[in-house]
Amino acid sequence: MTTEIWQLSEAELLADSADVSHRIQLLEARRIALVAEIDTRVSREKLGFPGPAGWLTSTTLLTPSKATKIVALARGLKNFPDIADAVNTGVMSVDHAALILAFAETPPKNLPQEGQDIARAAMIKAASGPGARTGRIREAITKLEDTYGSKKPPPEATDRNELFASTTLNGRLVLKADFDAVTGEKLLTALSQLTEPQPAADGTQDERGPAKRRADAFGHILDRYLASSNRPTEGGEKPHLNLHISLRDLTDLRSTMNADSDSDSENGSIATESDNDSRPATADRGAYRDLFGDGTTVGWLPWMGPLSRNTSGQLACDCLLTAIVMDENGSPINLARTARTVNAKQKRALTARDHGCAFPGCGKPAAWTEGHHIWHWTDGGPTDMNNLVLLCGFHHRLIHHSDWEVFIAADNHPWFVPPATVDPYRQPRQSHARAGPHIT
């Protein structure tokens, strides 16, 4: 007899939810495999549609876009059994499989076959298990596009930007947008503080969902803009964006851009796409070892994630530079301060190290976090980098009022120790944004 959900203990609720989620992953994989077989064996006459996507939409609750995505995966995974195996065994999500498949089907122009195979294997490893992070996979793809590609990566191609605005029959306005990474960063930065949940004065939780909070914030921004007496009519102030990039890469970018400028002036021409064809067709295996770094080996935006070197260089041409010295582990060298509150430079350094809420599995944006004293200030704990960690409001309270613990390890990064009720062995867990697996 099936036990009613309300009769389950807390441990059983957690175990059953995890088990059901795993089975859903396996069922999604089986659906993709079935659709692949349908695509091969079942005729159009039998389907009643030109392909499986139309049949899926007509016989299930799937939307046309979701059905099309399933068919694309079914067809693409046939050519990449390593990706298919990770999906079929339930260790990788369908969404991550789609991201890696897109890279595998259209790799950077000058990336040799050996490099494609090594990179794909590393991405599959990084996308496996509950610790998988989409940002790490995107970072690896951005690095490879930077090194071996001949075009600007799709996330940064401004010519693909679109904003649709349509009025409905009942008098509402529906927006749909597709923006490049920098434009997306501007929008999310503008929305940031206005979209954070706002509890009532009596502590009642904000009942608005994320979409409602974003809509309210967007309306507030429009109000402020239209009410401003000095709003720009042509141009205006440059956007306030935070670009994280290593000093070495920044120096290389400026040197390269200056060299390119001098070359263009001397030759009276602009480099074309074919100029990139001089890159070697083969590369040493070591060139692919550091696909998954700490977010400092490519440009990085707090909201939108990794950014190519070229676009980073464009942003860095006219900016205010804040230097944060990092150690060999990608952790800022200690910035000591005797006051209780974290100052602006320390917050930037913490953002460079933690990227957002450091609690495992959270990763809320840095703008929504605060510096937590590991050794409490009231107990004599200093406001130093090796005593601070970025936490969102929820996890800040959780650390203070539960048996979760956090410490800075020898690698100068925060590690979290779960209570025995979560993990009887209390194995330390890495912070949310730590580097993924490197190729060995």
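Because the structure is a prediction, the values reported are computed rather than measured.

1. Quick notes on the packing of aromatic side chains
Under the defined criterion, the tally for this structure stands at two aromatic pairs. Between the aromatic rings of F359 and F416, the centroid separation amounts to 5.4 Å while the plane-to-plane angle is 65°, which identifies the pairing as edge-to-face. Placement of the pair is F359 in the loop between α13 (344–354) and β5 (369–373) and F416 in strand β8 (residues 414–417), with a sequence separation of 57 residues. Among the aromatic residues, those joined into a cluster by ring pairs are F359, W404 and F416.

2. Let's talk about a nonpolar patch on the surface
Nonpolar side chains collect at one region of the surface, where L163, L173, L175, F179, L187, F218, L222, Y225 and L226 lie side by side and expose about 830 Å² of accessible area between them. Counting residues per element, the ones that place at least two in the nonpolar patch are β2 (173–178) and α10 (210–227). In terms of residue count, the dominant contributor to the nonpolar patch is α10 (four residues). Following the sequence through the fold, F218 ends up in helix α10.

3. Side note on the sheet that holds strand β7 (residues 405–408)
Spatially, three strands are ordered β7-β8-β9 in an open sheet, and the strand pairing comes out antiparallel. In this open sheet, the two edge strands, each paired with only one partner strand, are β7 and β9 (429–430). Note: β7 against β8, four bridges, orientation antiparallel. What sits directly across from E405, in β8, is V417.

4. Quick word on the pairing of β8
Burial along β8 is two-sided: P414 and F416 facing one way and W415 and V417 facing the other are all buried. In textbook terms, the turn of a hairpin is the stretch between consecutive antiparallel strands, and for β7 and β8 this stretch comprises five residues, one of which, N412, has a positive phi near 65°. Sheet analysis places β8 next to β9, joined by two bridges and oriented antiparallel. By the bridge assignment for β9, W415 is matched with Q430.

5. Looking at unusual backbone geometry
In this structure, H355 is a non-glycine residue whose phi angle is positive, near 70°. Counting through the fold element by element, H355 comes out in the loop between α13 and β5. Accessibility expressed as a relative area gives 14% for H355, which makes it buried. A positive phi is found at N412, a non-glycine position, where the angle reads about 65°. Looking at the secondary structure, you find N412 in the loop between β7 and β8. Residue class for N412 comes out partly exposed when judged on its relative accessible area of 31%.

6. What to know about the nonpolar core
Core analysis: the biggest nonpolar cluster contains 34 residues, and I32, I83, M92, I100, F103, M123 and L144 have the highest contact counts within it. For this core, the secondary-structure elements that each account for two or more residues are α1 (10–41), α4 (64–77), α5 (81–88), α6 (94–105), α7 (113–126) and α8 (134–148). Other than its neighbours up to four places away in sequence, F103 contacts P108, L111, A119, M123, I141 and L144. F359, C362, V389 and W404 belong to the second largest nonpolar core, which has 11 residues in total.

7. Overview of empty space enclosed by the protein
The full count for this structure, using the stated rule, is two cavities of 30 Å³ or more. What the largest cavity holds in volume is close to 50 Å³. Considering the residues around the largest cavity, the lining is formed by E28, R31, I32, K66, K69, I70, L73 and V94. Elements supplying a minimum of two residues to the lining of the largest cavity: α1 and α4. The leading source of residues in the lining of the largest cavity is α4, at four residues. A per-class count over the lining of the largest cavity returns four nonpolar, no polar and four charged.

8. Overview of the pattern of salt bridges
Summed over all chains, the structure comprises 12 salt bridges. Between R120 and D117 there is a salt bridge, with its nearest N and O atoms 3.4 Å apart. A residue pair is termed a helical-turn pair when its members lie 3 or 4 positions apart in one helix, as R120 and D117 do in helix α7 at three residues. Classification of R120 as buried rests on a relative accessible area of 12%. Across the pair R426 and E405 runs a salt bridge, and its minimum N-O distance is 3.6 Å. Here R426, found in the loop between β8 and β9, pairs with E405, found in strand β7; they are 21 residues apart in sequence, far enough to count as distant. According to the relative accessible area criterion, R426 is partly exposed, its value standing at 29%. Linked by salt bridges that have partners in common, D206, R208, K212 and D216 make up one network.

Calculation rules
Residues numbered from 1 in each chain as written. Predicted model: local features only at pLDDT ≥ 70, side-chain atom pairs only at ≥ 80, totals over all residues. Heavy atoms only, no water. Phe/Tyr/Trp six-rings, centres within 6.5 Å; stacked < 30°, edge-to-face > 60°. Helix = DSSP H or I, 4+ residues; strand = E, 2+ residues; numbered from the N terminus. Patch = residues over 30% accessible without salt bridge, like charges linked within 9 Å, V, L, I, M, F, W, Y side chains within 5 Å. Areas by Shrake-Rupley, 256 points an atom, 1.4 Å probe, with all protein chains shown as cover. Salt bridge = Lys/Arg side-chain N within 4 Å of Asp/Glu carboxyl O. Pairing = 2+ DSSP bridges. Buried < 20%, exposed > 50% of the residue type's maximum accessible area, 1.4 Å probe, protein only. Core = buried A, V, L, I, M, F, W, Y, C linked by side-chain atoms within 4.5 Å. Contact = heavy atoms within 4.5 Å. 1 Å grid on protein atoms, 1.4 Å probe; cavity = no way out; pocket = protein on both sides within 12 Å on 5 of 7 lines; lining within 4 Å. Points joined across faces, edges and corners; volume = space filled by probe spheres on them. Nonpolar A, V, L, I, M, F, W, Y, C, P; charged D, E, K, R; others polar.

Everything listed here is a matter of geometry and, on its own, says nothing about what the molecule does.
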